[in-house]
Amino acid sequence: MSKQGGKGGAAGKKKSTKHGADEKREDVLQAVIIADSFQDRFKPFTLETPRRTQCLLPLVNVPVIEYTLEFLASNGVQDVFIYCGAHSEDIEHFIHESSRWSPNSAISPFSSLEFIRVSDAKSIGDFLRDLDKRSIIAGDFILVHGDVVSNIQLDAVLAKHRARREANRDACMTMVLRSAGERSHRAAKARGITPVFVIDPTTGRCLQYEETHPLQSEHYVELDPAVFSHGSFEIRSDLMDCGIDICTPDVLALWSESFDYELPRKNFLHGVLKDWELNGKMLYAEVLEDGYAARASNLQMYDCISKDILERWTLPFVPDSNLLHGQTYRRVKGNSYAEDHVVVERGAKVTESAVGRNTTIKGASTISGSVIGRRCKIGKKVRIENSYIWDDAVIGDGATVIHSVIGGSAVVGANAHIPEGSLVSYKAHIDNGVKLPSNPPARISVLTDDRQLADTDASLVGPGGKGAMYEVIEEDEDSDDEDGDNRDPAVLQSSLIYSLVGLNISTSSISTFASEDEYDSDDDISMGEDGHSGNFAHKRDRLSSFASDDASKPDGFHTDAVNGLVDSLRADDSEDFDGAKLEFMGLRLANNASDNAMRRAIAVAFVRRAAELLLPEHGALEPTKAAGEALTSKRGAVKFIKEVGVGGENVKQQAEFALATQKALLGVRDLEAARAGALLAALLQQLYSLDVLEEEGILAWWADARAGETDEMSKVKEKCRVLVEWLENADEEESSEEEESDEDDE
């Protein structure tokens, strides 16, 4: 049964017989779900009926919107309104077929669930302006997207919001944000667009909002002068914004007053804060340190959240909770989950994965860090790593699938190779022995962008295959936009793998309020066997206008940057360093990393590579040869170290890089001090010969008390005495020659 009104209609279960805010009790907690993002970040998967909206795609074998509904139910929401967008019939069908969420279900936790249809909506702003006209929101309501995964309890946040509202009727919205914290999950490390919140730390009031991303020509936050009138404030770029807002009806009125607002943050939040003197409304941020909250808003977040669910960050919303009716997941060996009637033959190995009902895995196959749907057929000697195989897919004998998504009913032939980042949509068929391209990763679809059958490209999928390369349709960019500021940063999140290769990005510095010594340069750097950094005193990445000494230690940046650089130094398929530089600069911009953080990461990466070349399995090179190989094997690496690692010809910068190199060597496990010192001397000599470091820089490092403040530091430093004495003598000889030359001139 449906009820028409305004531009659209509403349908659902209601226990009251009258509409309107005057008929509702203000103590009823309501929620509005935005189930259409008006974005195409999951194409080509969302071309297929009934998965035409991303909130119905399987996330660890559960439709994404299921997690959102469970989150609202766990927080005592009673009335739910779902804005469905262009494909409302798909979502309505899913809800009506659900034994838990159907408006007619006796076990539904909601008193009311309604669908609201707006046929001509083009943005989230259109939805919310329509909601304001309907006058069905009586009091506070929770505004969320249909792709939210969260276990946060909102009781305390709601109480604070209501207390602020009682004290001042202009306090109209509270944003629920999550600090990255000390032990951040994968979703907290996602890259691309970085939200920047300027917050009054005393009241929690949000004073300004901005966004930064690598495609900007200039990377800084320009503060509104009005911010300084509030005294103390913090600039936070470490916050996860999962789009959970507690609102009053005044928020809807603000949307109605501005017909050009389309996006909740970039347009609405930024605009309302900027025009505060005109509208008088106050918006607040509640920063939580506990609980999980993230949005599966793009493929990269889908990947991160899937891993977080498998690792149980999202308790109680984990596979063995069996959120869907009829699911039978249980925990099994190998930190994995399996439903009933899963057959894993002898010799097959499944680790840190989830496997759906009636799936068969043949012998000698290995599956790790992956999600396998129901009724899948995995052949013999198959290797699947960090991938997502949806219902009814077939993976042939000997096939390899690496960090990719294989859609429902798709077929990957025997001995085929699906490289990292590939997207193979529903019903596509990759023929036997086919190796999909990796640069850029392939997107294979049997449908075109207008949902017509695509002509099969046999050169891509093989003579027996089915499907073609799906071309991402993007709006034409302004040809006069030389600085790139008008480019949509969503392109950074349009693929499964975050990459800046092929993008013309600026490498200008991003300005923060952190000091150059973002964290003490004498912190230990320890590289474990997996190469990850450790022994950092974790701090939040907060940029305070009054506390630059308390700036962040971006562990996520350090780990990702070091691993990326080392992988590039090891790679045999490329002789240049350009791709590694682009990735590194993108990480730097996405994390607002300081020059000091970059210097440390680069020093650790090149030291790691040089140190492993000393080992028998990597050639057992002598220190001099190992240093030369690490520094010069890739074209452009030396220039990268000089321009980005050292940062210039300043003596202090050179001394800091030498110190960072020394400390990185101390962090290499099982490397004796004498051996580490010999390698340090070799690295410094190479850097001197390559004109990266000058004698003044090395001598300044030698004279720096920090270079010998511990016994280990002193032992490593001592091995460089011969090099230092040689440089000092060379400098004296040069000075003597200059004096003699001056005397001759006289």
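Residues numbered from 1 in each chain as written. Predicted model: local features only at pLDDT ≥ 70, side-chain atom pairs only at ≥ 80, totals over all residues. Heavy atoms only, no water.

Some points on the packing of helix α15 (residues 651–666) against helix α18 (residues 711–718)
As a reminder of what qualifies: Only C-alpha atoms enter the line fits that serve as axes; for helices the fit covers just the stretch in contact. Angles between N-to-C directions range over 0 to 180 degrees. To qualify as a helix, a DSSP run of H or I must reach at least 4 residues; to qualify as a strand, a run of E must reach at least 2; elements of each kind are numbered from the N terminus. Any angle from 65 to 115 degrees is called roughly perpendicular, while one under 35 is roughly parallel, one over 145 is roughly antiparallel, and all others are oblique. Less than a right angle of anticlockwise turn of the near helix away from the far helix marks a crossing as left-handed, whereas a clockwise turn marks it as right-handed. Any two residues whose heavy atoms approach within 4.5 Å at even a single point are treated as in contact.
Interaxial distance between α15 and α18 falls to 10 Å at its minimum, and their mutual angle equals 115°. In terms of orientation, α15 lies roughly perpendicular with respect to α18. In the packing of α15 onto α18, the handedness of the crossing is right-handed. Here Leu659, Gln662, Lys663 and Leu666 of α15 come into contact with α18, specifically with Glu712, Met713, Val716 and Lys717.

Considerations on the confidence of the model for the protein chain
What counts, and what does not: pLDDT measures the predictor's confidence residue by residue and takes values from 0 up to 100.
For the protein chain, per-residue confidence averages 82 on the pLDDT scale, and 80% of positions sit at 70 or higher. This stretch, residues 13–24, has a pLDDT under 50; its non-local contacts, to residues over four places away or in other chains, come to 24 contacts.

Here we look at the sheet that holds strand β25 (residues 383–385)
Convention followed: The pairing criterion is simple: DSSP has to find at least two bridges between the two strands.
Reading across the sheet, the five strands line up as β19-β22-β25-β28-β31 and stay open at both edges, with parallel pairing between neighbours. Both edges of this open sheet fall to β19 (349–351) and β31 (417–418), since each of them pairs with a single strand only. Relative to strand β28 (residues 400–402), β25 is paired through three bridges, and the arrangement is parallel. When the bridges of β28 are listed, Arg383 appears paired with Thr400.

Observations concerning the packing of helix α14 (residues 637–646) against α15
The following threshold applies: Think of it as three bins: nonpolar holds Ala, Val, Leu, Ile, Met, Phe, Trp, Tyr, Cys and Pro, charged holds Asp, Glu, Lys and Arg, and polar takes everything else, Gly as well.
Where α14 meets α15, the closest approach of the two axes is 10 Å, and the angle between their N-to-C directions is 105°. Accordingly, the angle class assigned to the pair α14 and α15 is roughly perpendicular. In contact with Ile641, Gly645 and Val646 of α14, α15 contributes Gln653, Gln654 and Phe657. A per-class count over the contact of α14 with α15 returns three nonpolar, three polar and no charged.

Let's talk about the nonpolar core
Side chains of a nonpolar character, in soluble globular proteins, are inclined to be buried together. Our working definition: Grouping buried Ala, Val, Leu, Ile, Met, Phe, Trp, Tyr and Cys residues that are joined through side-chain atoms within 4.5 Å yields what is termed a nonpolar core. We call a residue buried when its accessible area falls under 20% of the maximum for its residue type, exposed when it is over 50%, and partly exposed in between, using a 1.4 Å probe and counting protein chains only.
Membership of the largest hydrophobic core comes to 63 residues, with the highest contact counts inside it found for Phe557, Phe584, Ile602, Phe606, Ile641, Leu684 and Trp701. What Phe606 contacts, discounting residues up to four positions off in sequence, is Leu569, Phe577, Ala630, Leu631, Ala637, Phe640 and Ile641. Among the nonpolar cores identified, the runner-up in size contains 36 residues, and Tyr83, Ala121, Leu128 and Leu143 belong to it.

Brief notes about the sheet that holds strand β17 (residues 336–338)
Spatially, the nine strands line up as an open sheet ordered β16-β17-β20-β23-β26-β29-β32-β34-β35, and their pairing is mixed. Of all the strands in the sheet, just β16 (330–332) and β35 (468–469) have a single pairing partner and so form its edges. Here two bridges tie β17 to strand β20 (residues 354–355), and the two strands are oriented parallel to one another. Paired with Ala338 across the strands is Val355, a residue of β20.

Comments concerning the pattern of salt bridges
Just so we agree on the cut-off: For salt bridges, the criterion is a side-chain nitrogen of Lys or Arg within 4 Å of an Asp or Glu carboxyl oxygen.
In this structure the tally under the stated criterion is 33 salt bridges. Of the charged contacts in the structure, one is a salt bridge between Asp238 and Arg236, with a shortest N-O distance of 2.8 Å. Accessibility classification places Asp238 together with Arg236 in one group, the buried group. Arg570 serves as the salt-bridge partner of Glu612, at 2.9 Å between the closest nitrogen and oxygen. With a gap of 42 residues between them, Glu612 in helix α12 (residues 595–612) and Arg570 in helix α10 (residues 555–570) connect regions that are remote in the sequence. According to the relative accessible area criterion, Glu612 is buried, its value standing at 10%. Connected via shared salt-bridge partners are Arg165, Asp170, Asp250 and Lys281.

A look at the environment of Ala590
Tracing the backbone shows Ala590 in helix α11 (residues 578–591). Along the backbone, Ala590 and Pro195 are 395 residues apart, and their C-alpha atoms lie at a distance of 9.8 Å.

Description of the environment of Ser438
Checked against the element boundaries, Ser438 lands in the loop between β33 (429–430) and β34 (443–445). We classify Ser438 as partly exposed; its relative accessible area is 48%. C-alpha of Ser438 to C-alpha of Ile418: the two residues are 20 residues apart in sequence and 8.4 Å apart in space.

Some remarks on the pairing of strand β9 (residues 194–199)
Where burial is concerned, most of β9 is hidden: six out of the six residues are buried. Here β9 runs beside strand β10 (residues 206–212); their pairing, made up of six bridges, is antiparallel. Each residue of the ladder has a partner; that of Phe197, found in β10, is Tyr209. Between β9 and β10, which pair antiparallel one after the other, the connecting turn spans six residues, and Gly204 there sits at a positive phi close to 80°. Pairing of β9 with strand β12 (residues 234–236) involves three bridges; the strand directions are antiparallel. Looking at β12, one finds that Val198 is bridged to Ile235.

Some thoughts on helix α4 (residues 155–167)
We count it as follows: To estimate how far a helix should reach, multiply one less than its number of residues by 1.5 Å. This arc is taken over the directions from the axis of the helix to the C-beta atoms.
With 13 residues, α4 extends 19 Å from end C-alpha to end C-alpha; this agrees with the ideal 18 Å at 1.5 Å per step. Listed as buried for α4 are Val157, Leu158, His161, Arg164 and Arg165. Considered in projection along α4, the buried side chains sweep an arc of 130° and stay on one side of the axis. Projecting away from the buried face of α4 at angles above 90 degrees are the exposed residues Asp155, Ala156, Glu166 and Ala167. Where α4 is buried, its residues touch β8 (171–179), β13 (239–247), α5 (249–257) and β14 (282–288).

Thoughts on helix α16 (residues 673–689)
Across its 17 residues, α16 extends 24 Å between first and last C-alpha, which sits within 8% of the 24 Å expected from 1.5 Å per residue. Taken residue by residue, α16 has Ala676, Gly677, Leu679, Leu680, Ala681, Ala682, Leu683, Leu684, Gln686 and Leu687 as its buried positions. Residue Asp691 follows α16 closely and has a positive phi angle near 65°.

Considerations on the packing of aromatic side chains
A ring pair, where both rings are aromatic, is described by two values, the distance of the centres and the angle of the planes. Put simply, the test is: Planes of paired rings set the category: under 30 degrees apart is stacked, over 60 is edge-to-face and the rest tilted, where pairs are Phe, Tyr or Trp rings (Trp by its six-membered ring) whose centres lie within 6.5 Å. Cation placement over rings: the criterion is NZ of Lys or CZ of Arg within 6 Å of the ring centroid and within 35° of the ring normal.
One pass over the full model with this rule turns up 19 aromatic pairs. With centroids separated by 6.5 Å and ring planes inclined at 80°, the aromatic side chains of Phe45 and Tyr426 adopt a geometry described as edge-to-face. In this pair, Phe45 is assigned in the loop between β3 (30–34) and α1 (64–74) and Tyr426 in the loop between β32 (423–424) and β33, connecting sequence segments 381 residues apart. Note on Phe45: relative accessible area 0%, which makes it buried. When the ring of Phe557 is compared with that of Phe584, the centres are 5.7 Å apart and the planes differ by 65°; the resulting orientation is edge-to-face. Of this pair, Phe557 sits in helix α10 while Phe584 sits in helix α11; the two residues are 27 residues apart in sequence, bridging distant segments of the chain. Here the two residues Phe557 and Phe584 agree in accessibility, since each one is buried. Taken together, the ring pairs connect Phe42, Phe45, Tyr302, Tyr388, Trp390 and Tyr426 into an aromatic cluster. Geometry around Tyr284 places Arg164 over its ring, the cationic atom sitting 4.4 Å from the centre. We note Arg205 situated over the ring of Trp276; from NZ or CZ to the ring centre the distance is 4.5 Å.

Side note on the state of the cysteines
To keep things clear, this is the line we draw: By convention in this document, the label disulfide applies to cysteine sulfur atom pairs within 2.5 Å.
In total, this model carries zero disulfides according to the counting rule given. This cysteine, Cys84, is not joined by any disulfide, and Cys55 carries the nearest cysteine sulfur, 7.7 Å off. A residue is classified by how much of its surface remains accessible, and Cys84, at 2% relative accessible area, is buried.

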